[in-house]
Amino acid sequence: MSRKEVQKMQLWRNEMNEEFAKEILGWKYAKPYDFYNNDVTEERLREMLDGSYSVLVDDNGKLIGFFCTGFSAQVPIGIEVGAYDGDGIDIGLGMKPELTGRGHGSSFFSRILELVGEKKNELPLRLTVAAFNERAIRLYEKLGFEKESEFSTSSTKFITMVQEER
């Protein structure tokens, strides 16, 4: 799929279902993004089917990516260190591996922001990104997010970013 095709295509929100969840959990990203790889487990399936996840599909119903809000979008150690104190709507997201790094991120994430913004909530939007993911950080900054805090696990440094104005 070319960049022009993705920019022209409409992205539609669908409910997460077991078929989509299993496909997403089977996605494999190239290094260093393999950090985001998962396995299909009962625990991960339950989480993805808890109502906090949605998928984005194209006009043909083909899965393009997903997003989640709330607790599912938070990194557990971040909760422990207070990274999510204060009001905000937490957003997590993922795009199909073969579409990443090809200029599709802006249209994909803009659509997610549009859908999350439909709730007409005045709370700031917040997301958490691995610090090594510089291309995602550039995209988020381009769309009005600013770095707010940092925290680390034993192996990964994370950054929370906030979009105050919408």
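Structure: above.
Treat the numbers as computed from the prediction; the structure is a model and nothing was measured.

The rules behind the values
Residues numbered from 1 in each chain as written. Predicted model: local features only at pLDDT ≥ 70, side-chain atom pairs only at ≥ 80, totals over all residues. Heavy atoms only, no water. Salt bridge = Lys/Arg side-chain N within 4 Å of Asp/Glu carboxyl O. Helix = DSSP H or I, 4+ residues; strand = E, 2+ residues; numbered from the N terminus. Buried < 20%, exposed > 50% of the residue type's maximum accessible area, 1.4 Å probe, protein only. Contact = heavy atoms within 4.5 Å. Pairing = 2+ DSSP bridges. Axes fitted to C-alpha atoms, helices over the stretch in contact; angles between N-to-C directions.

> I keep staring at the pattern of salt bridges and nothing clicks. Help me out?
A side chain of one charge can pair with a side chain of the opposite charge if their charged atoms are brought near each other. Counted according to the given criterion, the structure contains 8 salt bridges. For the salt bridge of Arg126 with Asp90, the shortest nitrogen-to-oxygen distance reads 2.7 Å. Taken together, the residues Arg126 in strand S5 (residues 125–130) and Asp90 in strand S4 (residues 89–95) connect sequence positions 36 residues apart. Relative accessible area serves as the criterion here: at 4%, Arg126 is assigned to the buried category.

> I keep staring at the side chain of Arg111 and nothing clicks. Help me out?
As for its position among the elements, Arg111 is in helix H5 (residues 105–117). When residues no more than four places from it in sequence are discounted, the contact partners of Arg111 are Leu11, Leu56 and Glu118.

> Looking at this structure, I do not really get the sheet that holds strand S1 (residues 12–15). What am I missing?
Think of a sheet as strands paired side by side through backbone hydrogen bonds, with each pair either parallel or antiparallel. Pairing within the open sheet is mixed, and its 7 strands lie in the order S1-S2-S3-S4-S5-S7-S6. Because the sheet does not close on itself, it has two edges, and the strands there are S1 and strand S6 (146–152). Sheet twist, expressed as the average angle between the axes of neighbouring strands with direction ignored, equals 30 degrees. Here 3 bridges tie S4 to S5, and the two strands are oriented parallel to one another. Note that in S5 the partner of Asp90 across the bridge is Arg126. Those strands touched by helix H2 (residues 18–25) are S1, strand S2 (53–57) and strand S3 (63–69), and its axis lies near 100 degrees from that of S3. Lying on the sheet, H5 is in contact with S1, S2, S3, S4, S5 and strand S7 (157–163); it crosses S4 at an angle near 145 degrees.

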